[in-house]
Amino acid sequence: MATAVITHQDCVKHDMGSFHPECPQRLGAIEDHLIATGLAPHLARFDAPKATFEQLERAHGARYIEAIHSAAPASGMVHLDPDTAMNPHTLSAALHAAGAAVLGVDLVMGGEVDNAFCSVRPPGHHACRTRAMGFCIFNNVAIAALHALEAHGLERVAIIDFDVHHGNGTEDIFAGDERVLMASTFQHPFYPYCGTEDVASNMFNVPLAAGTAGPGFRKAVSEVWLPALARFAPQFVFFSAGFDAHREDDMAMLGLDDADYGWVTRQIKAIAREYAGGSIVSVLEGGYSLSALGRSVVQHVKVLAEP
Ligand SMILES: [Zn+2]
């Protein structure tokens, strides 16, 4: 039994231009740090399949999925929103990114691995049911959560989102769905400028002011997330694992450090152990300082891989 790392080579071919922060080098930085820290040989590698139409359709409208397929360019670049573009490899990357998260669920449910980290891009948590935005096309974590519920017959799953941006897409897909508890922290006010008003009862969002560092983040997790998770008793736990709240990340203005990512992973792993037989699938979201991203993922995956 081990921790799986799931990725696909096409996730590196998705490229939105040389100045775009959501760049292919992110996955190389993660890989380099897994190797340099000696963690790599302890991880089980899996190649992500493409998500099927049926799997995507649990989270997205059929017409939206078809529109993304139609938009995919044979050459050049097509913009879906000002921040989100497709090159000729993007559709394949997005299908494999969602498929990685689905495979993670199957591997954990099948007892082949203890838990899984999906090192994939494009990210997913801003992707709404019928809208691409914020670097995201398909909502990878939502597709995986719905796969756990509908293909594996689970009744309760939790999604933990510590990306510096609010996971508005995940909220759009699950608000009011009592099978899912979403626990999130995010800088506020900040893109995508939501998550604090008229929030459904299954959403445990904690907005954090710019400048909040590790102690403020840990307080939110301890006082809001952990009691809610204990009451909910999830049968499977997902991470929307964005690392852009790191103090070295220029994308935003929170002040987490490497150790905070290890700490939060340990808290959530304890919840997963208590209620979910340890079942965790973590899916990469943001994180744009390549060094901080690589180091923080190491802290996260190291805790996942601990016996
Ligand atoms: Zn983000």
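The structure under discussion appears in the preceding block.
Criteria and thresholds
Residues numbered from 1 in each chain as written. Predicted model: local features only at pLDDT ≥ 70, side-chain atom pairs only at ≥ 80, totals over all residues. Heavy atoms only, no water. Axes fitted to C-alpha atoms, helices over the stretch in contact; angles between N-to-C directions. Helix = DSSP H or I, 4+ residues; strand = E, 2+ residues; numbered from the N terminus. Left-handed = near helix turned anticlockwise from the far one by under 90°. Contact = heavy atoms within 4.5 Å. Nonpolar A, V, L, I, M, F, W, Y, C, P; charged D, E, K, R; others polar. Donors = N, O, S within 2.8 Å, 3.2 Å for Na, K, Ca; no water. Tetrahedral: all angles 85-135°; square planar, octahedral: opposite > 155°, others 65-115°. Pairing = 2+ DSSP bridges. Expected span 1.5 Å × (residues − 1). Buried < 20%, exposed > 50% of the residue type's maximum accessible area, 1.4 Å probe, protein only. Salt bridge = Lys/Arg side-chain N within 4 Å of Asp/Glu carboxyl O.

A. Geometry of the packing of helix α5 (residues 90-109) against helix α6 (residues 140-150). Interaxial distance between α5 and α6 falls to 8 Å at its minimum, and their mutual angle equals 35°. The handedness of the crossing between α5 and α6 comes out as right-handed. For the pair α5 and α6, contact is made by Ala 94, Ala 97, Ala 98, Ala 101, Val 102, Val 105 and Asp 106 and by Asn 140, Ile 143, Ala 144, His 147 and Ala 148, respectively. Of the residues in the contact of α5 with α6, the class split is nine nonpolar, two polar and one charged.

B. Quick peek at the coordination of the zinc ion. Coordination of the zinc ion by the protein comes from Asp 163 (OD), Asp 163 (OD), His 165 (ND1) and Asp 244 (OD), over a distance range of 2.0 to 2.8 Å. One can describe the site at the zinc ion as irregular: its four donor atoms subtend angles covering 52 to 152° at the metal.

C. Fine view of the pairing of strand β3 (residues 78-81). Here β3 runs beside strand β4 (residues 84-86); their pairing, made up of three bridges, is antiparallel. Across the sheet, Val 78 pairs through a bridge with Met 86, a residue of β4. Linkage of β3 to β4, two consecutive antiparallel strands, is achieved through a turn of two residues.

D. Region of interest: α5. With 20 residues, α5 should cover 28 Å at 1.5 Å per step; its first-to-last C-alpha distance of 29 Å lies within 8% of that length. For α5, the buried fraction is high: 18 of the 20 residues fall into the buried class.

E. Local environment of the pattern of salt bridges. In this structure the tally under the stated criterion is 14 salt bridges. Here Asp 257 makes a salt bridge to Arg 247, at a shortest N to O gap of 3.9 Å. Of this pair, Asp 257 sits in the loop between β9 (236-241) and α9 (258-275) while Arg 247 is found in the loop between β9 and α9, placing the two residues ten residues apart along the sequence. Residue classification places Arg 247 among the exposed residues on the basis of a relative accessible area of 54%. Two residues, Glu 248 and Arg 295, come together in a salt bridge whose shortest N-O distance is 2.8 Å. Of this pair, Glu 248 sits in the loop between β9 and α9 while Arg 295 sits in helix α10 (residues 290-305), placing them 47 residues apart in sequence.

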